[in-house]
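So you can see what is in the structure, the chains are spelled out below.
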Amino acid sequence: MSINTRHGLPFLPGNSFRDLTKSAFHRAQTLGFKNGYALPRRPAVGTGQDPLLSVNISHSERNQLIRDIPKLTYGTDTHRPPPLDFIPAHAAYDKKVLRFYGYFRQEVLHTPDEHFCIRPVVIYYHLEDDSMCVTEPPVENSGIPQGKLIKRQRLPKNQRGDLYHWKDLNVGMDMSLFGTVYRITRCDAFTQVFMESQGIVLNESESIPNDPYTIRRAQAQQTHITPYDHNHQLERFLALDRQVLRFYALWDDSDSLYGEKRPVTLHYYLVDDSVDICEHHEANSGRDPFPVLLHRQKVPKHIKSTCEPFPSCVLEVSPQDVKEYFCPQDFRVGEEVTLMGRRFLLYDCDDFTRKYYEQNHPDFLLKPLTVIPPYNGFGSLEDSLQNCLSLIPEPPKKDVIKLLENDNKVLRYIARLDSQNPLDEGRRFILSYYLSDDMISVFERSTRNSGIIGGKFLEKTRVPKPGNSVENPEYFGPADFSIGATVEVFGHRFVLMDADRYVLSYLESLSHHIPEHTLSSLRQKFGVSQTSDQEEQHEGKKCVLLWPMQPTVIKIKVLYWLRWFHEEPLTSMDFFSIQQKVL
């Protein structure tokens, strides 16, 4: 039973029903394609039938009918390939353009130099819509408006209104467009392949004729070159204008009454060898605000002897009376120059002046000498030197590798004070040498009822050897400390009496840098020979291994012997720490 959805009920909301038998829901296609253009389908004339809608027949069924009708009429053709599917022109030839190269000849009027000019062009043919455009490549300084000559459009071929087609184009032909005749000379590779694939034989390529104006313009023009003259004022002005040498000087006027030394700036103008001097005035100096000490002029260096008897205060020197003027070679940094009877000490110059002398007169530029003042004794020598090298001193660089390798490595010695005072006879000191930074510290052991308070005798510092210069001192090193040697520390003389066992083991590891008398004094003190050194090291390892097996009394005696340089009795924590180090 079917439901009538079209008749019987008014077309009102709620009275319409969906057709359950409908299976195709696409929109009807009523357009067809002809020559690549979409056109509405029309019924045959006189039939009175409606156009065939895509609702009744699909696109695949239509293609099947095209293939089946010849089979029903003529039979099956096994040699004929199946027909290709239809592709519109705007899809098949999208972005496919034929390119032809050519030129046109333009007449030139009212000039005797040329009668015509050759202007090259490029002709583009767009296959998707058969439109064409003509462009002219731009030429630098041509003086002609160039670029696109004919915009993209379909161009007429004749007066009847026929339009150009790609079949009408070929190489070596003339094409008239809007009254201008264009000659096609060649085409690109894609155009040649396309035309030959369509069965069109292309003519031989031609060359574009030379443009008379371009050839004449390319020829070298004869120009008059003036002879080179070093003294030419215009050439010197163009080459050296606004190039000024600037020197910072000190005017020494101390010979005059209430005279003093004043800072000035001396300018030397290379363009005309003139000199001017400007004086620096500080605020509230009490001087008149006239900074120009010498106005710009050429300063004579030597004048003729006939002018010397004349008073110089009223002497007007003419160019004929001057033998030589001041030149850049007369100004050297670090030297004194006399200008107009006044002495000026040149102590510095700017960067441009320095580069000028480096390029032209490398032997005349003298660097100002930096004088290092003598060491005043405050702080270390390295720290004081940094104040002389820069305005904001930086900390001196340290040997980081030496600090890391010798960290916590200290050579300890027992010393007594070599003094004529009988009260210093029993004083004992511990002299420590730090291998990481080559510094020395002195610690005095306290003695009961001596009347002298023990403790730190000398802070950790570098100690120079006696008799050396302050500017280049030589400091004490491990090779200078031998048993019985006298070490003078800032006026105090210490005699080394004993040393730590680690001192001998460390110095023997550097035996090629340590004097033999230093090693022999240490070996003699410890009763060790050079041949039995390895055996003692082996015995020391054996003692360490047998340490847990020793009785408690021997352990305590050994720990007391290891802590011989301490003043106070050992605590339980000290025993434990020393035991851990030994084990």
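Residues numbered from 1 in each chain as written. Predicted model: local features only at pLDDT ≥ 70, side-chain atom pairs only at ≥ 80, totals over all residues. Heavy atoms only, no water.

- The protein chain appears in an unreviewed UniProt entry as EF-hand domain-containing protein 1-like from Sinocyclocheilus anshuiensis.
- The Subcellular location (unreviewed entry) field of the UniProt record for the protein chain holds the comment "Cytoplasm, Cytoskeleton, Cilium axoneme". (UniProt positions renumbered as here; feature names shortened; annotations may be inferred.)

## A few points about the overall build of the protein chain
1) Next: Within the protein chain one finds 13 helices and 22 strands.
2) Next: For the protein chain, buried positions account for 25% of its 583 residues.
3) Next: Contacts spanning at least 24 positions in sequence make up 45% of the contacts within the protein chain whose residues lie at least 6 apart. (Helix = DSSP H or I, 4+ residues; strand = E, 2+ residues; numbered from the N terminus. Buried < 20%, exposed > 50% of the residue type's maximum accessible area, 1.4 Å probe, protein only. Contact = heavy atoms within 4.5 Å.)

## Focus: the environment of Tyr182
1) Next: In this structure, Tyr182 sits in strand S8 (residues 180-187).
2) Next: Given a relative accessible area of 5%, Tyr182 falls into the buried group.
3) Next: Measuring from C-alpha to C-alpha, the distance between Tyr182 and Tyr101 comes to 9.7 Å, with 81 residues separating the pair along the chain.

## Quick look at the pattern of salt bridges
Close approach of charged atoms allows side chains with opposite charge to pair.
1) Next: Scanning the entire structure with this criterion turns up 30 salt bridges.
2) Next: Asp168 is paired through a salt bridge with Lys157; the nearest N and O atoms lie 3.2 Å apart. One end of the pair, Asp168, is in the loop between strand S6 (147-153) and strand S7 (174-177); the other, Lys157, is in the loop between S6 and S7, and eleven residues separate them in sequence.
3) Next: The salt bridge partner of Asp252 is Arg343, with a shortest N-O separation of 3.4 Å. With a gap of 91 residues between them, Asp252 in strand S9 (residues 244-252) and Arg343 in strand S16 (residues 342-349) connect regions that are remote in the sequence.
4) Next: Where salt bridges share partners, they join Glu128, Asp129 and Arg152 into one cluster. (Salt bridge = Lys/Arg side-chain N within 4 Å of Asp/Glu carboxyl O.)

## What to know about the environment of Asp273
1) Next: Secondary-structure assignment places Asp273 in the loop between strand S10 (261-269) and strand S11 (274-279).
2) Next: For Asp273 and Arg296, which are 23 residues apart along the polypeptide, the C-alpha to C-alpha distance reads 9.8 Å.
3) Next: Apart from the residues lying within four places of it in its own chain, the contact partners of Asp273 are Arg236, Tyr268, Lys298 and Phe326.
4) Next: For Asp273, the side chain forms a polar contact with the side chain of Tyr268, separated by 2.8 Å. (Polar contact = N/O pair within 3.5 Å; in protein donor to acceptor, adjacent residues only side chain to side chain.)

## Some remarks on helix H3 (residues 189-197)
1) Next: Listing the buried residues of H3 in full gives Thr191, Phe194 and Met195. The buried residues of H3 occupy one face: seen down the axis, they fall within an arc of 95°. Exposed side chains of H3 directed beyond 90 degrees from the buried face belong to Ala189, Val193 and Ser197.
2) Next: Against the buried residues of H3 lie strand S3 (97-107) and S8.
3) Next: Among the residues trailing H3, Gly199 stands out with phi positive, at a value near 90°. (Arc of directions from axis to C-beta.)

## Thoughts on the packing of helix H9 (residues 501-509) against helix H10 (residues 516-526)
1) Next: Running from N to C, H9 and H10 point in directions that differ by 140°, and their axes come no closer than 10 Å. Of the two elements, H9 crosses H10, and the hand of that crossing is left-handed. Residue-level inspection shows Arg501, Val503, Leu504, Leu507 and Glu508 of H9 in contact with H10, the latter providing Thr518, Leu519, Leu522, Arg523 and Phe526.
2) Next: Of the residues that constitute the contact of H9 with H10, the class distribution is six nonpolar, one polar and three charged. (Axes fitted to C-alpha atoms, helices over the stretch in contact; angles between N-to-C directions. Left-handed = near helix turned anticlockwise from the far one by under 90°. Nonpolar A, V, L, I, M, F, W, Y, C, P; charged D, E, K, R; others polar.)

## A short note on the environment of Ala499
1) Next: In this structure, Ala499 sits in strand S22 (residues 492-499).
2) Next: Each C-alpha atom, one on Ala499 and one on Lys525, is 8.6 Å from the other, the two residues being 26 residues apart in sequence.
3) Next: Ignoring sequence-local partners within four residues, the contact set of Ala499 consists of Arg412, Tyr413, Ile483, Leu522 and Phe526.

## Some details on the sheet that holds strand S18 (residues 428-434)
1) Next: Taken in spatial order, the six strands line up as S20-S19-S18-S17-S22-S21 in an open sheet, and their pairing is antiparallel. Looking at the sheet topology across the chains shown, the edges are occupied by strand S20 (455-461) and strand S21 (486-489). For this sheet the average axis-to-axis angle between neighbouring strands, irrespective of direction, equals 30°.
2) Next: Looking at chain direction, strand S17 (residues 410-417) and S18 are connected through seven bridges and run antiparallel. Within S18, the position partnered with Ile414 by the bridge is Ile430.
3) Next: In the packing of H9 onto the sheet, contacts are made with S17 and S22, and the angle to S17 comes to roughly 125°. (Pairing = 2+ DSSP bridges.)

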